[in-house]
Amino acid sequence: MEIGKHIKQLRLRHGITQEAMAQHLNVTAQAISKWETLDAMPELSKLKSLCDVFGVTADWMISEDEPDETPGQKPVKYPDRISRFDELTDKIADGAEKIFKKYKVM
């Protein structure tokens, strides 16, 4: 099994579109497509993120094992840094709302 097939099988199994995965990994949907067709390979940092998202090891991701032999690890929906980013944007939005109300911009 090739890494591209693993990426595609796992993405589809988890109901993730190429666009959603691309946004999460900060790449283009075309990059995801190229990874899946082996026209390109993900950088090591992106491979680590893929493994974190799907709960698999890099060793398994690059192995010849079939996708049905996926290790039984629990996938991580959002790495900690994404959760922290979401919390930060919520705080910024709350602060902006307070300022707008104070100066009656809204």
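Quick note: structure is the one above.
Quantities reported herein were computed from a predicted structural model and do not represent experimental measurements.

Attention shifts here to the side chain of R11. Along the polypeptide, R11 turns up in helix α1 (residues 3-13). Classification of R11 as buried rests on a relative accessible area of 7%. When sequence neighbours within four positions are dropped, the list of residues in contact with R11 reads I16, T17, Q18, M21, I32, E36 and F54.

As a further point, take the packing of helix α2 (residues 18-25) against helix α3 (residues 29-36). In the contact formed by α2 and α3, the axes pass within 8 Å of each other and the chain directions differ by 110°. As summarised for this structure, α2 and α3 are arranged roughly perpendicular, according to the angle between their axes. The segment α2 lies against α3, with Q18, E19, M21, A22 and L25 engaging A29, I32, S33, W35 and E36. Looking at the contact of α2 with α3 residue by residue, the classes come out as six nonpolar, two polar and two charged.

The contact between α2 and helix α4 (residues 44-54) brings their axes to 11 Å, and the two run at 120°. Read as a crossing pair, α2 and α4 show a hand that is right-handed. On α4, the residues that touch M21, H24 and L25 of α2 are K46, S49, L50, V53 and F54. Looking at the contact of α2 with α4 residue by residue, the classes come out as five nonpolar, two polar and one charged.

Here is what the cut-offs are and how they apply
- Residues numbered from 1 in each chain as written.
- Predicted model: local features only at pLDDT ≥ 70, side-chain atom pairs only at ≥ 80, totals over all residues.
- Heavy atoms only, no water.
- Helix = DSSP H or I, 4+ residues; strand = E, 2+ residues; numbered from the N terminus.
- Buried < 20%, exposed > 50% of the residue type's maximum accessible area, 1.4 Å probe, protein only.
- Contact = heavy atoms within 4.5 Å.
- Axes fitted to C-alpha atoms, helices over the stretch in contact; angles between N-to-C directions.
- Parallel < 35°, antiparallel > 145°, perpendicular 65-115°, else oblique.
- Nonpolar A, V, L, I, M, F, W, Y, C, P; charged D, E, K, R; others polar.
- Left-handed = near helix turned anticlockwise from the far one by under 90°.

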